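Read off the chains here:
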Amino acid sequence: MTDADALRDQDERWMRRALAEAAAAEALGEVPVGAVVVRGGELVAAGHNLTHTLQDPSAHAEMVAIRRAAQALGEWRLLACTLYVTLEPCAMCSGAIVLARIPRLVFAAHDPKAGMSGSLANLVQHPRLNHRVQLTTGVLADEAGEALRAFFRARRRNRVNPRDTADAPSPGGGADGS
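Residues numbered from 1 in each chain as written. Predicted model: local features only at pLDDT ≥ 70, side-chain atom pairs only at ≥ 80, totals over all residues. Heavy atoms only, no water.

*Asks:* Looking at this model, I keep getting lost on unusual backbone geometry. Mind explaining?
*Replies:* Backbone phi values are negative for most residues with the exception of glycine, while trans is the configuration of most peptide bonds. At Q55, a position not held by glycine, the phi torsion is positive, near 55°. Within the secondary structure layout, Q55 lies in the loop between α2 (51–54) and α3 (61–73). With a phi angle near 55°, L140 is a residue other than glycine that sits in the positive phi range. Residue placement: L140 occurs in the loop between β5 (134–137) and α5 (141–158). Residue classification places L140 among the buried positions, given a relative accessible area of 13%. (Helix = DSSP H or I, 4+ residues; strand = E, 2+ residues; numbered from the N terminus. Buried < 20%, exposed > 50% of the residue type's maximum accessible area, 1.4 Å probe, protein only.)

If you want it as structure tokens, here you go:
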């Protein structure tokens, strides 16, 4: 096995873990995006979208995972870490990745509407910033993209507005789901 094959296998392994985090987000009614921070082949932290759950616009999967990793390591510089995320980071998350000095970012699906790690712009590799991130894209992109498409199809079909879910009865009819 070549080094490239080993890296691809490692990337797929950790992206599957990020996809599991995305499923956890979906189970909460959140947009299914998951992220994991890895260092030296070991999981440091994981996170998934919690924006609606916490009513916090900054609680994107990447931000949750980065905060948890910094806390776990006792260091805001996440040197020698790789961040795996199921969707291309937005401007806020791309900025946090640069500020945390994460050397490597691996993401699955591109985000043509809000992606700032290659789609709309490339903040993580901007030449005027003091830190640039090694970027690997498209790892398990079909799986991640399908999870997102299915989530939004279901939301449109059910006409679910996340702002209304706290007060709305569950699909079973009653407030307790029965």
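Alright, that's what it looks like, and here's the rest.
*Asks:* What am I meant to see in the sheet that holds strand β3 (residues 81–87) here?
*Replies:* In any sheet, the strands associate via hydrogen bonds between backbone groups, in a parallel or an antiparallel arrangement. As summarised here, the arrangement of the five strands in space is β2-β1-β3-β4-β5, forming an open sheet in which the pairing is mixed. Edge positions in the open sheet fall to β2 (42–48) and β5, since each of these has one partner strand only. The average undirected angle you get between the axes of adjacent strands in this sheet is 15°. Those strands touched by α3 are β1 (34–39), β2 and β3, and its axis lies near 140° from that of β2. The sheet strands contacting α5 are β3 and β4 (104–109), and the helix crosses β4 at an angle near 60°. (Pairing = 2+ DSSP bridges. Axes fitted to C-alpha atoms, helices over the stretch in contact; angles between N-to-C directions. Contact = heavy atoms within 4.5 Å.)

*Asks:* Whenever I open this one, the packing of α3 against helix α4 (residues 91–99) confuses me. Can you help?
*Replies:* Describing two packed helices takes the angle between their axes plus the distance from one axis to the other. Between α3 and α4, the shortest axis-to-axis distance is 9 Å and the interhelical angle comes to 25°. Between α3 and α4, the crossing angle belongs to the class labelled roughly parallel. Remark: the crossing between α3 and α4 carries left-handed chirality. When α3 is examined against α4, the residues E62, M63 and I66 are found in contact with a partner set consisting of M92, C93, A96 and I97. When grouped by side-chain class, the residues that make up the contact of α3 with α4 number six nonpolar, no polar and one charged. (Parallel < 35°, antiparallel > 145°, perpendicular 65-115°, else oblique. Left-handed = near helix turned anticlockwise from the far one by under 90°. Nonpolar A, V, L, I, M, F, W, Y, C, P; charged D, E, K, R; others polar.)

*Asks:* Help me out: how do you make sense of the pairing of β3 in this one?
*Replies:* Burial within β3 is extensive, with seven of its seven residues counted as buried. Two elements, β1 and β3, share five bridges in a ladder whose sense is antiparallel. Within β3, the position partnered with V37 by the bridge is L83. In the sheet, β3 pairs with β4 via five bridges, with the strands oriented parallel. Its bridge partner lying in β4, V85 is registered against F107. Handedness of the crossover is the feature at issue here: the chain leaves β3, passes through α4, returns alongside β4, and the resulting connection is right-handed. (Right-handed = clockwise from strand over helix to strand, strands pointing away.)

*Asks:* Even after reading the chapter, I still don't get the nonpolar core, so can you show me in this structure?
*Replies:* A general trend in soluble globular proteins is that nonpolar side chains are found buried together. Ranked by size, the top nonpolar core spans 43 residues in total, and within it M15, I66, L83, I97 and L105 carry the most contacts. For this core, the elements supplying multiple residues, two or more each, are α1 (3–27), β1, β2, α3, β3, α4, β4 and α5. Residues within four places of L83 in sequence aside, it is in contact with A35, V36, V37, E62, I66, I97, I102, R104, L105 and V106. (Core = buried A, V, L, I, M, F, W, Y, C linked by side-chain atoms within 4.5 Å.)

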